Amino acid sequence: MTYLDLLRDQFNNQVSFRERRPGVLQLVAPLYHEDGDMVDIFLEPTDTGRENIRICDHGMTLMRLSYYFDIDTPNKERIFQRILSENRVIEDKGNLFMDAEPETLYPSVLQFAQAVAKVSSMQLFKREVIQTLFYEMLTEFIEDFLKRYNPRPKVLPIPERDDLEVDFEFGIKPRPIYLFGVKDSSMARLTTISCLEFQRARIPFKSFVVHEDFENLSRKDRSRITSAADKQFISLDDFKANAEQVLEREAA
Amino acid sequence: MRTYSQEEIDSLVACAKVITEPPKKEMRWERGTRRNNMTLQSKDGELEFSVFMRINEDFHENFSIGLNYSPRDERGTLCLLRCNGPHGEFLGGFPSSRSHFRYHVHLAKAENVEAGLRGERGAESTEAYASYKDALVFFLREINVINTSEYLPELSQPMLPLNLPENEPHTSDGVRKLVLGTRPTNSAEKEQES
């Protein structure tokens, strides 16, 4: 029994093979991406001289991913490499592959398909998806690391104005700190209005703003909020790196 | 998540568009794929789109050209149309049976979006093109880009007839009908522009 017969048998005859180039077989198996396209898996001899079989994708997984998502930052690259290593998959110039002995081809193919699915799901890390997690991540950080500054969520400094809400109040004396999370222009404008209204009401406070991406705001929005707020963090990473030190100074 | 009617999707595909950020003259090679992109706007400037063009380095017949719509009032994109090479099997609609290695087109369907699936899930095989270049010409015509000659003059020449079966038309209208089924053609809009 050849390894192909064995694999066909193990897949309960639900697979076939198509020769795409001499010696390069494409596995036709009921493994599909979300858009209905078959997962691209190729079987070919290894270049090691042994009788192992190389399971690979000839760059198709990264090509598909690139329709919607680029691995263009060190952080994305780190996650990508971690997915590969945890699934024993190697990348060579975009080609994802793993070598398997003929008798372990079936579980290896399934493992490879799983790695392809995980790499493909990296498109969920797209900015617009991650952005929706901005407030969750901000809240998590405050609750985990800034508890000693007595954070209180969803505070209304002017009780009759429930449209002017502060995301967190830190009970620091003599003046509390009102912290606003800002992920886009509309939140930047609301924060600007809130700060100005609190000032007009002569409420003693200091305002901190944590931006999801300060540079992403328009020039006018940046000017307005810079004029109204006391302290700004240009990103969540900036806040995470400096919040403790800044709050400690305020509390001193 | 926002839903769309099929008429909305069809009109997003067919509305007149202009290239606002043209593709690079040469495709960029990266990790096994030749890549290029461009951005488009509707002619009235109200709608934003992006186009990706990809060719696999090892199998040049494995290519993909797609149109993504970026709604201004919502995060994320919706893939409206994707023209693919014969890279493998694909599901011909959902949940119908699978089709074989053919050039194929993914077109967004309202029922997919409504069901929380990928809008472009499922594909139909096509004989409207048989190479990357033919597919790009077909794609740009289908999505109604009106200033192609300004940025992609090499594509302005008329498409050569394909080797379609004798009983199937290979005029542009015939091809459109063959591939995209009941989607209305945009010839009236093009006449208006001229």
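The structure this text deals with has already been given above.
Read on for a plain summary of the structure.

Definitions and limits used
Residues numbered from 1 in each chain as written. Chains lettered and ligands numbered in written order. Predicted model: local features only at pLDDT ≥ 70, side-chain atom pairs only at ≥ 80, totals over all residues. Heavy atoms only, no water. Contact = heavy atoms within 4.5 Å. Buried area = accessible area lost by both parts, 1.4 Å probe. Salt bridge = Lys/Arg side-chain N within 4 Å of Asp/Glu carboxyl O. Polar contact = N/O pair within 3.5 Å; in protein donor to acceptor, adjacent residues only side chain to side chain. Helix = DSSP H or I, 4+ residues; strand = E, 2+ residues; numbered from the N terminus. Pairing = 2+ DSSP bridges. Axes fitted to C-alpha atoms, helices over the stretch in contact; angles between N-to-C directions. Core = buried A, V, L, I, M, F, W, Y, C linked by side-chain atoms within 4.5 Å. Buried < 20%, exposed > 50% of the residue type's maximum accessible area, 1.4 Å probe, protein only. Parallel < 35°, antiparallel > 145°, perpendicular 65-115°, else oblique. Left-handed = near helix turned anticlockwise from the far one by under 90°. Nonpolar A, V, L, I, M, F, W, Y, C, P; charged D, E, K, R; others polar.

Considering the interface of chain A and chain B
Opposite the 41 residues of chain A that make contact, chain B presents 37 residues. Each partner contributes to the roughly 3200 Å² buried at the junction of chain A and chain B, and carbon and sulfur atoms together form 46% of this total. At the boundary of chain A and chain B, one finds seven salt bridges. The closest approach of N and O atoms between Arg31(B) and Glu91(A), which form a salt bridge, is 3.0 Å. At the boundary of chain A and chain B, one finds 26 residue pairs in polar contact (both at pLDDT 80 or more). Counting only elements with at least two residues in the side of chain A that touches chain B, the list comes to strand E1 (16-21), strand E2 (24-28), helix H2 (60-65), helix H3 (74-86) and helix H5 (127-131) of chain A. With four residues, H2(A) is the largest single contributor of residues to the side of chain A that touches chain B.

Some words on the sheet that holds E1(A)
All names here are of chain A. Across the sheet, six strands lie side by side as E1-E2-E3-E4-E6-E5; this open sheet has antiparallel pairing. A single partner strand is all that each edge strand has here, and the edge strands are E1 and strand E5 (90-92). Averaged over all adjacent pairs, the angle separating strand axes in this sheet is 35°, with direction ignored. Relative to E2, E1 runs antiparallel, the two being bridged by five bridges. Counterpart to arginine 21 in the pairing with E2 is valine 24. Across the sheet, helix H4 (residues 105-120) is in contact with E2, strand E3 (42-45), strand E4 (53-56) and strand E6 (95-100); its angle to E6 comes to roughly 160°.

What to know about the environment of Lys17(B)
Residues and elements named next belong to chain B. Along the chain, the position of lysine 17 falls in strand E1 (residues 17-21). C-alpha of lysine 17 to C-alpha of threonine 126: the two residues are 109 residues apart in sequence and 24 Å apart in space. One polar contact links the side chain of lysine 17 to the main-chain carbonyl oxygen of cysteine 15, over a distance of 3.0 Å.

Describing the nonpolar core
Residue and element names in this part refer to chain B. Of all hydrophobic cores here, the largest spans 39 residues; its most connected members are Leu40, Val51, Leu80, Tyr129, Phe139 and Ile143. Only helix H1 (6-14), strand E3 (33-42), strand E4 (48-56), strand E5 (63-70), strand E6 (78-84), strand E9 (104-107), helix H2 (110-114) and helix H3 (132-142) provide two or more residues apiece to this core. Contacts of isoleucine 143, omitting those with residues within four sequence positions, involve Val13, Cys15, Lys17, Leu40, Val51, Leu67 and Leu81.

Quick look at the packing of helix H6 (residues 134-145) of chain A against helix H9 (residues 236-251) of chain A
Residue and element names in this part refer to chain A. One can describe the packing of H6 onto H9 by two numbers: an axis separation of 11 Å at closest approach and a directional angle of 15°. Here H9 runs roughly parallel to H6, going by the angle between their axes. By crossing handedness, the relation of H6 to H9 is classed as right-handed. Contacts from Phe134, Met137, Leu138, Phe141, Ile142 and Phe145 of H6 reach H9 at Leu236, Phe239, Lys240, Ala243 and Glu244. Taken together, the residues of the contact of H6 with H9 sort by class into nine nonpolar, no polar and two charged.

Observations regarding the environment of Asp237(A)
In this fold, Asp237(A) is placed in helix H9. You can call Asp237(A) exposed: its relative accessible area is 58%.

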